[in-house]
Each structure stands twice: as structure tokens, then as C-alpha cells.
Amino acid sequence: MSKGIGKAAYKPVGVLMGLAAGAVAGVIFRQVWKVTAGDGEAPSATDEDRGWVEILAAAALQGAIFSVVRAAVDRGGAVGVRRLTGRWPD
């Protein structure tokens, strides 16, 4: 089996899993924000009624959650490809 098989098998899986990771991360972020801030909706950067600290805290939290979910999904996808193909995707 060539080295490229694992990578080729992972590409379409990785794209689909990346989209799913973004959706899951968004749901998790909204729930965490609701619990921590007591507010149903996170501020956008252009929300005039929100302060810098709140906006930057929301952005940092959202980025951290997205990164963790994406890393978990990418790692799980790579493990799955290795199980199917016997090769780690490069």
C-alpha cells in the first residue's frame, strides 16, 4: 500500500469532519456562553452596547472551544483512517 493512500482517504473525511466540528463547536460555545455570562447571545465585535472586555472574552472562549473541538475531530479522523487503511494520514 502506498504512503499516499492514507492521505487520499483522509482528505474527504477531513473536510466533512471539519464542517461538523465547526457546527459542534458553535453549539458548545453558545451553551457555555449562556451558562457563564448568563446571557443568551454572545456579543458580536460590532455590538455597540457591549464593552471591549466582554467582546474579547467571548472571542477568546469561542476560539479556544473551536480549536479543542477541531483538534479532537482531526485526531479522531486520523485514527479512523489508520484503522481502515493501516496508514497514518500525512
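Residues numbered from 1 in each chain as written. Predicted model: local features only at pLDDT ≥ 70, side-chain atom pairs only at ≥ 80, totals over all residues. Heavy atoms only, no water.

Engineer: Talk me through the packing of aromatic side chains; I want residue IDs and the actual numbers.
Structural biologist: Scanning all chains against the criterion turns up one aromatic pair. Ring centres of phenylalanine 29 and tryptophan 33 lie 6.2 Å apart, and the angle between their planes is 35°; on these two criteria the pair is classed as tilted. Of the two residues, phenylalanine 29 and tryptophan 33 both sit in helix α1 (residues 4-37), four residues apart, roughly one turn of that helix. Residue classification places phenylalanine 29 among the buried positions, given a relative accessible area of 6%. (Phe/Tyr/Trp six-rings, centres within 6.5 Å; stacked < 30°, edge-to-face > 60°. Helix = DSSP H or I, 4+ residues; strand = E, 2+ residues; numbered from the N terminus. Buried < 20%, exposed > 50% of the residue type's maximum accessible area, 1.4 Å probe, protein only.)

Engineer: Before we move on, could you go through the nonpolar core and cite the residues and values that matter?
Structural biologist: Counting seven residues, the largest nonpolar core consists of Ala21, Ala25, Phe29, Trp33, Ala58, Ile65 and Val69. Secondary structure elements with two or more residues in this core: α1 and α2 (52-85). Sort the elements by how many residues they give to this core and α1 lands first, with four residues. Setting aside its immediate chain neighbours within four residues, valine 69 contacts Ala21, Val24, Ala25 and Ile28. (Core = buried A, V, L, I, M, F, W, Y, C linked by side-chain atoms within 4.5 Å. Contact = heavy atoms within 4.5 Å.)

Engineer: So what about the pattern of salt bridges? Which residues, and what values?
Structural biologist: If you walk through the whole model with that rule in mind, you get three salt bridges. Its salt-bridge partner being arginine 50, residue glutamate 54 comes within 2.9 Å of it at the nearest N-O pair. Classification of glutamate 54 by relative accessible area gives partly exposed; the value is 26%. Connected through shared salt-bridge partners, Asp47, Arg50 and Glu54 make up one network. (Salt bridge = Lys/Arg side-chain N within 4 Å of Asp/Glu carboxyl O.)

Engineer: Talk me through a nonpolar patch on the surface; I want residue IDs and the actual numbers.
Structural biologist: There is a patch of nonpolar side chains on the surface, built from Val15, Leu16 and Leu19 and spanning about 340 Å² of accessible area. Within the secondary structure, valine 15 is located in helix α1. (Patch = residues over 30% accessible without salt bridge, like charges linked within 9 Å, V, L, I, M, F, W, Y side chains within 5 Å. Areas by Shrake-Rupley, 256 points an atom, 1.4 Å probe, with all protein chains shown as cover.)

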